[in-house]
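Structure at a glance
Listed below are the residues making up each chain.
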Amino acid sequence: MKPETICIQGGYQPKNGEPRILPIVQSTTFKYDSSVEMGKLFDLEEAGYFYTRLQNPTNDWVAAKIAQLEGGVAAMLTSSGQAANFYSLFNICSAGDHIVASAAIYGGTFNLLGVTMKKMGIDVTFVDPDDDAKTLDAAFRENTRAMFAETISNPSMVVLDIEKFASVAHRHGVPLIVDNTFATPIHCRPFEFGADIVTHSTTKYMDGHAATVGGAIVDSGNFDWTRYPDKFPGLCTPDDSYHGVTYTERFGKAAYITKATAQIMRDLGSIQSPQNAFLLNLGLETLALRMEKHCSNAMQVAAFLEKDPRVSWVSYPGLPGDKYHALAEKYMPNGTCGVISFGIKGGREAATRFMDSLKLAAIVTHVADARTCVLHPASTTHRQLTDEQLQACKTPADLVRLSVGIEDAEDIIADLDQALAQA
Ligand SMILES: *Cc1c(COP(=O)(O)O)cnc(C)c1O
């Protein structure tokens with residue numbers, strides 16, 4: 001099935017006489033006739049639902065649709081994109097380990113890796129995603145367990161050379177984990193270029209209506225953990241907390257995602273509510289349609305900004321002159337996303353006057369939903385970062401992040417035009 005079809009038909013498959021629309025299984029728990037049966041579920045000997053913190057049918061159906069969209073073996077929903085990224089790494093890293101991550105990533109993920117996971121004894125080296133393979137090689141250590149990056153970085157709009165990152169990661173015997181939030185599987189399927197694990201903040205385009213916070217982890221099933229049993233003991237040796245199950249032996253290609261569910265979610269518990277998963281599924285049904293409109297609108301808006309003398313620079317990989325246009329053509333030939341970053345002449349103050357003068361576009365801490373919105377990262381999402389760090393993660397202090405919605409492009413441009421006149 002093509003992505004457009006999976007958006008509608010993927011995941012939940014009603015049987016004869018069952019509800020046509022994805023049911024919300026609003027139940028913490030599930031009933032069994034005997035304790036023997038339930039015991040088998042606890043030992044992972046049989047598959048079945050017993051407690052929603054571990055698995056819930058509504059969530060699983062939506063996760064299955066996302067796995068199909070990405071072309072993975074299985075997926076798991078989480079309560080937020082932050083939880084998805086944390087779990088994706090913590091599933092294979094523990095104290096004493098090390099991660100190599102692109103510096104051009106979402107501010108929240110930059111803090112998660114650089115501050116919070118560091119406190120847990122997991123070290124990180126941030127690299128410039130534009131560095132050549134040799135320079136990237138130098139960041140790896142004996143204890144490196146994963147490489148991490150975003151397909152299109154939020155908010156710096158760097159398009160990742162996925163094949164370059166995947167080959168470097170694999171040369172060092174570790175998986176490449178890619179946050180595919182901005183491109184979505186409609187425009188980029190990172191597994192086709194060698195990524196091993198994909199994460200999402202489903203809060204963004206997947207939900208698309210700014211109604212629910214959520215996340216997802218998708219496993220390609222392609223990384224052969226058993227080649228590196230010393231690096232990944234959690235997957236390749238018995239788990240005492242599950243009566244000695246060895247995930248790679250019992251679950252094969254689904255070892256990573258099963259451990260993430262059975263152990264990490266069981267113990268840390270950041271589940272998505274079935275209600276939210278239902279809303280996420282409604283969003284997914286129109287994802288392909290919306291991405292097309294987001295991109296065609298953003299192309300028109302980016303072309304307008306690029307020509308405007310009041311704008312100092314524009315970064316949108318869809319523009320033929322953009323630094324990342326060639327990579328975008330290779331990895332996302334049908335379009336990138338609706339987010340544009342740009343700078344306004346007159347710096348911080350002009351940016352503030354511009355944003356305060358917008359009428360249609362709202363100032364919100366959000367991105368990638370149906371409504372056009374703007375944000376000044378240096379004074380909001382990235383305000384914990386020093387000017388040096390801002391530069392390193394390619395988010396200069398004058399950067400305005402514009403998330404182009406699916407309204408009429410001419411109306412959006414008219415609003416930008418009148419606000420630029422006030423700047
Ligand atoms: C928003 C975002 C996150 C964090 O997701 P939440 O759902 O807000 O927790 C992670 N990565 C990217 C690329 C994002 O845009």
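Note: the structure precedes this text.
Throughout what follows, the structure given in this document is the object of discussion. Bear in mind that the values here come from a model prediction, so they are computed numbers and not experimental data.

**A few points about the overall build of the chain**
Within the chain, the secondary structure is distributed over 17 helices and 12 strands. Here the chain has a C-alpha radius of gyration of 22 Å; the compact-globule value for 423 residues is 22 Å, and the two agree. Seen along its three principal axes, the alpha-carbon backbone of the chain occupies a region of about 70 × 55 × 35 Å. Surface exposure of the chain reaches about 17,000 Å², of which carbon and sulfur atoms provide 52%. In the chain, which carries 36 positive and 49 negative side-chain charges, the distance between the mean positions of the two groups comes to 1 Å.

**Describing the pairing of strand S6 (residues 197-201)**
Where a strand is regular, its side chains alternate between the two sheet faces. Burial runs high along S6: five of the five residues are buried. In the sheet, strand S5 (residues 176-179) pairs with S6 via three bridges, with the strands oriented parallel. Pairing of Ile-177 across the sheet is with Ile-197, part of S6. Here S6 pairs with strand S7 (residues 215-219) via five bridges, running antiparallel. Note that in S7 the partner of Val-198 across the bridge is Val-218.

**Brief notes about the site of the ligand**
Taken together, 15 residues are adjacent to the ligand, and Asn-154, Asp-179, Ser-201, Thr-203 and Lys-204 come closest. Within the side chain of Asn-154, one N or O atom sits 2.8 Å away from an oxygen atom of the ligand. Interatomic distance of 2.8 Å between a side-chain N/O atom of Ser-201 and an oxygen atom of the ligand. In isolation the ligand has 380 Å² of accessible area, and contact with the protein removes 92% of it. With three residues, the single largest contributor to the shell around the ligand is helix H4 (residues 81-90). Considering only residue class, the shell around the ligand consists of three nonpolar, nine polar and three charged.

**A few points about the packing of aromatic side chains**
Following the criterion strictly, the structure yields 14 aromatic pairs and no others. With a centroid separation of 4.4 Å and 45° between ring planes, the pair formed by Phe-42 and Phe-50 is classed as tilted. For Phe-42, a relative accessible area of 44% puts it in the partly exposed group. Owing to a relative accessible area of 11%, Phe-50 belongs among the buried residues under this scheme.

**Details of the environment of Gly-11**
Positionally, Gly-11 belongs in the loop between helix H1 (3-9) and helix H2 (35-42). We classify Gly-11 as buried; its relative accessible area is 14%. Gly-11 sits 348 residues away from Lys-359 along the chain, and the two C-alpha atoms are 39 Å apart. Those residues in contact with Gly-11 that lie beyond four places of it in its chain are Trp-61, Ala-64, Lys-65 and Gln-68.

**A word on helix H3 (residues 57-70)**
Here H3 contains 14 residues, and its C-alpha end-to-end distance of 20 Å stays within 8% of the 20 Å for a straight helix at 1.5 Å per residue. Of all the 14 residues making up H3, 10 are buried; the element is thus mostly covered by neighbouring parts of the structure. For H3, the complete set of buried residues consists of Pro-57, Thr-58, Asn-59, Val-62, Ala-63, Lys-65, Ile-66, Ala-67, Leu-69 and Glu-70. Its buried side turned inward, H3 meets H1, strand S1 (74-78), helix H8 (184-187), S6, S7 and helix H12 (274-285). Two or three places before Thr-58, at the start of H3, stands the capping residue Asn-56, its side-chain oxygen 2.8 Å from that residue's backbone nitrogen. Of the residues one or two after H3, Gly-71 is the one with positive phi, at around 75°.

**Some thoughts on unusual backbone geometry**
Residue Asn-154 is joined to Pro-155 through a cis peptide bond whose omega torsion reads 5°. We note that Ala-368 has phi near 65°; this positive angle belongs to a residue other than glycine.

**Re the environment of Pro-129**
Within the secondary structure, Pro-129 is located in the loop between strand S3 (123-127) and helix H6 (133-137). Assessed through its relative accessible area of 4%, Pro-129 is described here as buried. Spatially, the C-alpha atom of Pro-129 lies 9.7 Å from that of Cys-393, the residues being 264 residues apart in sequence. Contact partners of Pro-129, with chain neighbours within four places excluded, come to Ser-102, Ala-103, Ala-104, Val-158, Leu-160, Lys-164, Phe-165 and Lys-394.

**Some thoughts on the sheet that holds strand S2 (residues 98-102)**
With mixed pairing, seven strands are arranged side by side in an open sheet as S1-S7-S6-S5-S4-S2-S3. The outermost strands of the open sheet, each flanked by one partner alone, are S1 and S3. Ignoring strand direction, the axes of neighbouring strands in this sheet form an average angle of 20°. Packing against the sheet, H3 makes contact with S1, S6 and S7, and its axis sits at approximately 125° to S1. Packed on one face of the sheet, helix H11 (residues 255-268) meets S1, S5, S6 and S7 and runs near 30° to S1.

**A word on the layout of surface pockets**
Here the largest pocket defines a volume of roughly 570 Å³. Here the element with the most residues in the lining of the largest pocket is H11; it accounts for five residues. Computed from the structure, the second largest pocket encloses a volume of approximately 380 Å³. What lines the second largest pocket is a set of 19 residues, among which Pro-3, Glu-4, Ile-186, His-187 and Asn-334 lie closest to the centre. Looking at which element gives the most residues to the lining of the second largest pocket, the answer is H1, with four residues. Among the residues forming the lining of the second largest pocket, the class breakdown is 11 nonpolar, three polar and five charged.

Definitions and cut-offs
Residues numbered from 1 in each chain as written. Predicted model: local features only at pLDDT ≥ 70, side-chain atom pairs only at ≥ 80, totals over all residues. Heavy atoms only, no water. Helix = DSSP H or I, 4+ residues; strand = E, 2+ residues; numbered from the N terminus. Rg over C-alpha atoms; globule rule 2.2 N^0.38 Å. Areas by Shrake-Rupley, 256 points an atom, 1.4 Å probe, with all protein chains shown as cover. Lys, Arg positive; Asp, Glu negative; His and termini not counted. Charge placed at Lys NZ, Arg CZ, Asp CG, Glu CD. Buried < 20%, exposed > 50% of the residue type's maximum accessible area, 1.4 Å probe, protein only. Pairing = 2+ DSSP bridges. Near = heavy atom within 4 Å. Polar contact = N/O pair within 3.5 Å; in protein donor to acceptor, adjacent residues only side chain to side chain. Nonpolar A, V, L, I, M, F, W, Y, C, P; charged D, E, K, R; others polar. Phe/Tyr/Trp six-rings, centres within 6.5 Å; stacked < 30°, edge-to-face > 60°. Contact = heavy atoms within 4.5 Å. Expected span 1.5 Å × (residues − 1). Axes fitted to C-alpha atoms, helices over the stretch in contact; angles between N-to-C directions. 1 Å grid on protein atoms, 1.4 Å probe; cavity = no way out; pocket = protein on both sides within 12 Å on 5 of 7 lines; lining within 4 Å. Points joined across faces, edges and corners; volume = space filled by probe spheres on them.

Read these as geometric descriptors, not functional statements.
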